[in-house]
Amino acid sequence: MWDLSTGRPVGGALAGHTAGVRAVSATVVDGRPVVVTGGEDGAVRVWDPTNGRLVGEPRVGRDGQVWAVTTVMIDGRPHAVTGGTRRTRGHWAGQVEMWDLTTHQQVGPQTAFPEPVHAVAVMPDGRLVVHFGREMAVLVRC
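Residues numbered from 1 in each chain as written. Predicted model: local features only at pLDDT ≥ 70, side-chain atom pairs only at ≥ 80, totals over all residues. Heavy atoms only, no water.

Enquirer: Can you walk me through the pairing of strand S12 (residues 128-132) in this structure?
Expert: Working note: regular strand, side chains alternate between the two faces of the sheet. Counting buried residues along S12, four of its five residues qualify, which places the element largely inside the surrounding structure. As judged from the five bridges shared by strand S11 (residues 117-122) and S12, these two strands associate in the antiparallel manner. Directly across from Ala121, in S12, lies its bridge partner Val129. Hairpin connection of S11 to S12: five residues between the antiparallel strands, including Gly126 at a positive phi of 95°. Pairing of S12 with strand S13 (residues 135-139), which is carried by five bridges, proceeds in the antiparallel orientation. Across the sheet, Val130 pairs through a bridge with Ala137, a residue of S13. Connecting S12 to the next strand, S13, in antiparallel fashion are two residues, including Gly133 with a positive phi near 55°. (Buried < 20%, exposed > 50% of the residue type's maximum accessible area, 1.4 Å probe, protein only. Helix = DSSP H or I, 4+ residues; strand = E, 2+ residues; numbered from the N terminus. Pairing = 2+ DSSP bridges.)

Written out as structure tokens, the structure is:
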């Protein structure tokens, strides 16, 4: 991590992923900063950037990779939205998941896409933008 005001590194590396890290986002949980990472190992990890330690257990079990992470407040609670790949019927497809960062639980089901998900973003009005393959979709929260 780097302090953007000084251009100097702060703390050590966040070690824990078993393959490359593809996505990073940051937010605040219970008044403390956290960093959310997703990687080629299929894991989503939440870190305390002040000490470099994991917050809770990593979210693992996906048969694929995490390529995108964004954070958003929903009903006053911090959430992470992740996107990436999943293996299905002999080819790679995409999926999006949402995590409540306060409870460390997945919220709702995974949302499947026909191609790997490369990017996710949340618009100010709460709609989710997902880039998959060569397409983009805007999803409305129900």
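Enquirer: Help me understand the sheet that holds strand S4 (residues 32-39), please; the structure alone is not making it clear to me.
Expert: To summarise the sheet geometry, strands pair through backbone hydrogen bonds and adopt either a parallel or an antiparallel arrangement. Ordered by their spatial adjacency, four strands build an open sheet running S3-S4-S5-S6, and the pairing between neighbours is antiparallel. Where the open sheet ends on each side, the last strands, each with one partner, are strand S3 (21-29) and strand S6 (53-54). Across two bridges, the pairing between strand S5 (residues 44-48) and S6 is antiparallel. Bridge pairing links Asp48 to Arg53 in S6.

Enquirer: Sorry if this is basic, but what is going on with the pattern of salt bridges here?
Expert: Oppositely charged side chains can form a pair if their charged atoms are brought close together. For the structure shown, the criterion picks out five salt bridges. Between Arg22 and Glu40 there is a salt bridge; the shortest N-O distance is 3.1 Å. Taken together, the positions of Arg22 in strand S3 and Glu40 in the loop between S4 and S5 put the pair 18 residues apart, joining distant regions of the chain. Asp100 serves as the salt-bridge partner of Arg77, at 3.0 Å between the closest nitrogen and oxygen. (Salt bridge = Lys/Arg side-chain N within 4 Å of Asp/Glu carboxyl O.)

Enquirer: Looking at this structure, I do not really get the packing of aromatic side chains. What am I missing?
Expert: Aromatic rings in a pair are described by how distant their centres are and how their planes are angled relative to each other. Tallied over the full model, the rule gives one aromatic pair. An angle of 45° between the planes, with centres 4.9 Å apart, marks the rings of Phe113 and Phe132 as tilted. One end of the pair, Phe113, is in strand S10 (residues 105-113); the other, Phe132, is in strand S12, with 19 residues separating them in the sequence. For the pair formed by Phe113 and Phe132, the shared burial category is buried. (Phe/Tyr/Trp six-rings, centres within 6.5 Å; stacked < 30°, edge-to-face > 60°.)

Enquirer: Quick question: what am I supposed to make of unusual backbone geometry here?
Expert: Only a minority of non-glycine residues have a phi that is not negative, and only a minority of peptide bonds are not trans. Even without being glycine, Asp30 reaches a positive phi, approximately 50°. Positionally, Asp30 belongs in the loop between S3 and S4. The exposure class assigned to Asp30 is exposed, which follows from its relative accessible area of 67%. Here Asp75, not a glycine, exhibits a phi torsion of approximately 50°, which is positive. Along the chain, Asp75 turns up in the loop between strand S7 (66-74) and strand S8 (77-88).

Enquirer: Quick question: what am I supposed to make of the sheet that holds S7 here?
Expert: Taken together, four strands build an open sheet; the order of strands is S7-S8-S9-S10 and the sheet is antiparallel. Sheet topology places S7 and S10 at the edges, where each strand pairs with a single neighbour. Sheet twist, expressed as the mean angle between neighbouring strand axes with direction ignored, is 20°. Examined bridge by bridge, S8 and strand S9 (residues 91-100) share ten bridges and lie antiparallel to one another. When the sheet's bridge partners are listed, Gly84 is paired in S9 with Gln95. (Axes fitted to C-alpha atoms, helices over the stretch in contact; angles between N-to-C directions.)

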